[in-house]
Every structure is written in structure tokens, then in C-alpha cells.
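Each chain is listed here by its residues.
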Amino acid sequence: MQTKLFIGGEFVDAVGGETLPILNPHDGSELAQIALAGRADVESAVGAATAASEGWATTSAAERGRYLGKLADAIEAAADELARLESTDTGHPLRDSDTLDVPRTAATFRYFAGMADKVEGSVIPVEPGFLNYLMRAPLGVVGQIVPWNFPLMFCGWKLGPALAAGNTVVMKPSELTPLSSLRLAELVRDVGIPSGVVNIVPGLGETAGAAIAEHPGIAKVSFTGSTATGRKVVEASAGNLKRLQLELGGKGANIVFDDADLTAAVNGSAFAIFHNQGQACIAGSRLFLHEQIAAEFTQRFVALAESIRVGNPLDPDTEMGPLTSALHRDRVLAYVKVALDDGAEILTGGGPPQGRPDLELGYYVAPTVVLADPASRVCQEEVFGPFVTISTFREEDEVVAMANGTDYGLGGGLWTRDLSRAHRMARRIRTGMVWINSYKRVSPASPFGGVGRSGYGREMGFEVMHEYTEAKSVWVNVEAD
Ligand code: NAD
């Protein structure tokens, strides 16, 4: 297991020699002591990325694409090992790491491998005598700050486009879940990506993260995490007016109309909230049910929630694992009290899984379903756990107001057989992404991101190439001697 910082193509200890224990969320045991990056290590990573910058930017785009393709191959070759590492470190059920996280990471690198030589400019019709063309130039050194909920997949989302565009990278994984990104660093080295192009420095947010956000040698920061931390990154970035891309929190509305296919809606809504223990920014954490189907839907949904197999993430039968840290488990459980204080009714869950002594040492929370007022705190604040609120509605306008009645605007979904209503609602819901008769679909080809307090900028698709390049206008006097 790799535990050192990856700087300038080498695995090194932290300058100050600090280390941090990484815990297994299934039982709290220590998995590893990792080198903990501080400000001096970020400095050295920025130095390595700066030294590599010109060489990488002038490597042909096709060649950069070839490196990314090789990285996708290497991820596939190490898939079993990566899936187990991700599940052990984060608590994701192995069946998800195996079939979603790892293949999606490889697919993302492969998509951006193909993108590298398709980032074209344009010729602009200006006055006669001049040729004006627009090229898309890389930014230089970019900083990338990643949370703990999908550590490996987010490496793909962030490294893929940044490298395809010709930037070099200093990436800080979350201090809670750095193991898969350090294994990825070994693959980066093994496929021959030149030293310094990718640097991976796990460290604490307030030291290593803040150092990246402030650093004058970093041109842009791509940040994924909470809205509160996003705000700090904005403030810290002001010194050199860094470009920012902020993927922040969410409070996804998931709306079920009375004409929906109820079986599909119940199953899809359970996936929307309970996949990855609800630790997903796009989780469908607010269910809005039309009053005609509310009773039947709720009864079937609660029964499904109670049937979810919670357990050791490495057990192939497990459908829901532990939350990623003890602190986060406590945060989620604190919302049960908030809900009760606000007059909500807990329909199921609300604590650790009952009658499971085998899970007592881990950070487990049973799937929790709560009947709540849409204006109450649990319907307004991001809980980020297996915790879903249910509220009912009668009219379309009413549910639009409820869905849009938060400061977040990341993802949202609706279930209906009425085609006109589906498209009308997609327009009216104020989010960056809408799913119709499905929820939580993502693809490297489709832009991902939010509005309002969910942040700005987009990951993935061609859209993200604009985030990692600068439009550069070149004027040529074609009549000059
Ligand atoms: P967090 O904001 O606590 O931490 C995210 C990252 O920021 C970590 O690497 C952390 O070390 C770092 N950090 C902390 N303080 C910092 C500072 N002062 N300066 C710079 N970096 C700092 O978030 P988290 O608890 O790790 O992740 C959960 C949050 O992430 C949730 O709010 C979730 O919605 C959000 N999220 C958003 C998306 C999205 O695409 N919109 C995706 C996943 C998660």
C-alpha cells in the first residue's frame, strides 16, 4: 500500500515528517499511517508542477491522449485491487466500487484521452487585412482539492480534463481517504507520465488545502467539497485572482407525480438516496410525493429501506456500508434529534442498525426515512447520509416552489409518464442537472455541476475543457511586408 506523497515523480515523506493514521470505517482499525503534506510539501509540489509545465503543454495533444489511454488501461488492469482499496478506505460496498467507481474512473480517463486532440480553436471574421484566430491555451499549474466521498472517481473527473488540456496538477485528496489516489499515483508513474505533471499530496484542509488555494503559482483551483469550505477557497484565492471551479453541496429534490411508474420510482428513489450511504452531493435527499400516491409509495419505500443489506463493505452481498468517518456518522445522527425537535416523524432508522453486534465498532447508520415539513432544517441543510425526508404536494406549482426552496441547486429528479410535464418541470427546477424517470445518472460525456450555493463551473463533457483552458486571441496582419 502506498503511503507517501507523490511529488516530482517520486514517493517522498512529508518535509516535517508528519504522518496521519487512516482508519477503516467498518471497525475503526488503523489501515495505514500516511505521510501528511503541509505547506512546505505543497510548495515543493508546485515547484515540480511548474518545472514540468512547459514540457507537458508542448507535448503533442495526441501524445497526452495516449498517456491518458494508458492510464485507463492500467486502472482496468488493477481494477480488483483498486476496488478493494476504495471499499476498505471509504466504506463503499465492494459491489459498487467494482461496478461503478473503478470502471467509471477508467472510462473518464479514456474519454479525456480521446478529448485531448479535439480541443480546437476557431477563425474569426474580422476586418480585411487581418487574420484573427482563437486558440485554447492551457492555464499552467492547477490545484485540485477532493473530498472523501468518491475519492478515486473524482481523481478521474479532475485529472482527466486538466491533463488532456496540457496543464500540470497539484492534487490534494481528502485526509480521510487518500489510499486509492496514492495507488493511482503509482499507475501515473508506471505508464510514464513525465515527472512533475501529476503531484498528489494528501494533507489537512486548513494547511495543505489552504496552501493550494492561496498559492500565487497556481492559476486555477478545482474544488469539490462543502459550501462552507468552498467559501474559504474563494477568499483564499483572491491574492492572485485564481480561476475557480466549485462543486459544492446539494439538497436534491426527487419528485414523484401521481402518474409515475411506482415500482421504478420506489427503486430509483432508494438508489438516489441510499447509494454510497447517501454521501453524494447529488443524492435525492428530499422526496416530494403527490398526495394521491404518497401512502402507497411511502409504505413500499420504507419496506425497501428496511430490506437493504447493511454490513461489511467487503462482503459481496452488502448493499450499504458504514459512513466514512466517526465524526460524520455523529453529524448525521445529530440530524435525527434536529428532525424530532422540529416535529418530524421518523418512519424508519434514526440510529445504528439494530441487533447487529458485528457492526458496533463501525460507523454505521441504518437507512433513515423522515416525514418532515419542507421548510424545516432537515429539508434545508445537507445531511449527507442515508437520511431522506418525505413531504407531500398537490399541485405542480406548489412542488416547484418546494423543490426550488433551498439555496442549493445541484441535481433533481422527477417521475411521471406525462411527457409535456416532464420537459416543463426540467425547465422549472433550478439545478445544474435534472433526471427524468431516473436519478443520479452521470457520464464523462455530460456536464456536471450546480447553481446557487452548489457552486459554479462544470466538470466533464466538452464543457470542462473551457474550465481548463484560456481563450487566446491572435491577430495577424496578413498585409504586412
Ligand atoms: P470539505 O469541504 O470538508 O472538504 C473537501 C476538501 O477540502 C478536503 O480535501 C478538505 O481537506 C479540503 N479543505 C478543508 N478545509 C479547507 C480549506 N480551508 N482550504 C482548502 N481546502 C480545504 O467536504 P467533505 O466533508 O470532504 O465532503 C463532503 C462535501 O462535499 C459535501 O458538502 C458534498 O455535497 C460535497 N460534494 C460536492 C460534490 C459536487 O460535485 N458538487 C461532489 C461530492 C461532494
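See the structure shown above.
Summarised in this report is the structure supplied together with it. (Residues numbered from 1 in each chain as written. Predicted model: local features only at pLDDT ≥ 70, side-chain atom pairs only at ≥ 80, totals over all residues. Heavy atoms only, no water.)

### Observations concerning the sheet that holds strand E5 (residues 122–124)
Spelled out, the test is: In this scheme, strands are said to pair when DSSP sees at least two bridges between them. Starting at the N terminus, helices and strands are each numbered in turn, a helix being any DSSP run of H or I of at least four residues and a strand any DSSP run of E of at least two. Between N-to-C directions, angles cover 0 to 180 degrees, with each direction set by a line fitted to C-alpha atoms, over the stretch in contact for helices.
Spatially, the three strands line up as an open sheet ordered E5-E6-E20, and their pairing is antiparallel. Looking at strand neighbours, the two that pair on one side only are E5 and strand E20 (469–477), the edges of this open sheet. Ignoring strand direction, the axes of neighbouring strands in this sheet form an average angle of 30 degrees. Judged from the nine bridges that link them, strand E6 (residues 130–138) and E20 form a sheet pairing that is antiparallel. From the neighbouring strand, Tyr-133 faces E20, where its bridge partner is Val-474.

### What about the packing of helix H3 (residues 79–90) against helix H4 (residues 94–115)?
The line we're drawing: Should an angle lie under 35 degrees it is considered roughly parallel, over 145 roughly antiparallel, and from 65 to 115 roughly perpendicular; all remaining angles are considered oblique. Two helices that cross are described as forming a left-handed crossing if the nearer one is turned anticlockwise from the farther one by less than a right angle, and a right-handed crossing if clockwise. Here a residue-residue contact requires only that any non-hydrogen atoms of the pair lie within 4.5 Å. We call Asp, Glu, Lys and Arg charged. Ala, Val, Leu, Ile, Met, Phe, Trp, Tyr, Cys and Pro are nonpolar, and the rest, Gly among them, are polar.
Relative orientation of the contacting elements H3 and H4 amounts to 120 degrees, with a least axis distance of 9 Å. One way to sum up the angle between H3 and H4 is to call them oblique. As for how H3 packs across H4, the hand of that crossing is right-handed. Where H3 abuts H4, its residues Ala-79, Asp-80, Leu-82, Ala-83, Arg-84, Glu-86 and Ser-87 lie against Leu-94, Ser-97, Asp-98, Asp-101 and Val-102. Of the residues in the contact of H3 with H4, the class split is five nonpolar, two polar and five charged.

### Points about helix H8 (residues 227–236)
As a reminder of what qualifies: Categorising residues by exposure relies on relative accessible area from a 1.4 Å probe, with only protein chains included: less than 20% of the type maximum marks a residue as buried, more than 50% marks it as exposed, and the intermediate range marks it as partly exposed. What the arc covers is the set of directions going from the helix axis to the C-beta atoms.
Within the span of H8, buried status applies to Thr-227, Gly-230 and Val-233. Down the axis of H8, the buried set is contained in an arc of 105 degrees. They therefore lie on one face. With respect to the buried face of H8, the exposed residues turned more than 90 degrees away are Lys-232 and Glu-235. Buried positions along H8 lie against helix H7 (205–214), strand E10 (220–224) and strand E11 (243–247).

### A few points about empty space enclosed by the protein
Heads up, the condition is: Throughout, the protein atoms alone are placed on a 1 Å grid, and a set of points is a cavity if a 1.4 Å probe fits but cannot get out or a pocket if it is open with protein on both sides within 12 Å along at least five of seven lines; lining residues have an atom within 4 Å of a point. Grid points are joined across faces, edges and corners, and a volume is the space filled by probe spheres set on the points.
All chains considered together, the criterion is met by four cavities of 30 Å³ or more. The space that makes up the largest cavity amounts to roughly 140 Å³. Around the largest cavity sit 15 residues that line it, and Arg-104, Phe-150, Met-153, Ile-282 and Lys-440 are the ones nearest its centre. Breaking the lining of the largest cavity down by element, the ones donating at least two residues are H4 and helix H5 (151–164). Split into classes, the residues belonging to the lining of the largest cavity amount to 11 nonpolar, one polar and three charged.

### So, the pattern of salt bridges
Note the following rule: Throughout this description, the term salt bridge denotes a Lys or Arg side-chain nitrogen within 4 Å of a carboxyl oxygen of Asp or Glu.
The full count for this structure, using the stated rule, is 26 salt bridges. Ionic pairing is found between Asp-358 and Arg-356, a salt bridge with its closest N-O pair at 3.0 Å. For Asp-358, a relative accessible area of 47% gives the class partly exposed. Assessed through its relative accessible area of 28%, Arg-356 is described here as partly exposed. With its nearest N and O atoms 3.0 Å apart, the salt bridge here joins Arg-428 to Asp-397. Here Arg-428 is found in helix H14 (residues 419–428), whereas its partner Asp-397 is found in helix H13 (residues 396–403), with 31 residues between them in sequence. Arg-428 gets classed as partly exposed once you look at its relative accessible area, which sits at 32%. Of the residues examined, Asp-397 reaches a relative accessible area of 52% and is grouped as exposed. Several salt bridges converge on common partners, so that one network encompasses Glu-396, Asp-397, Arg-424 and Arg-428.

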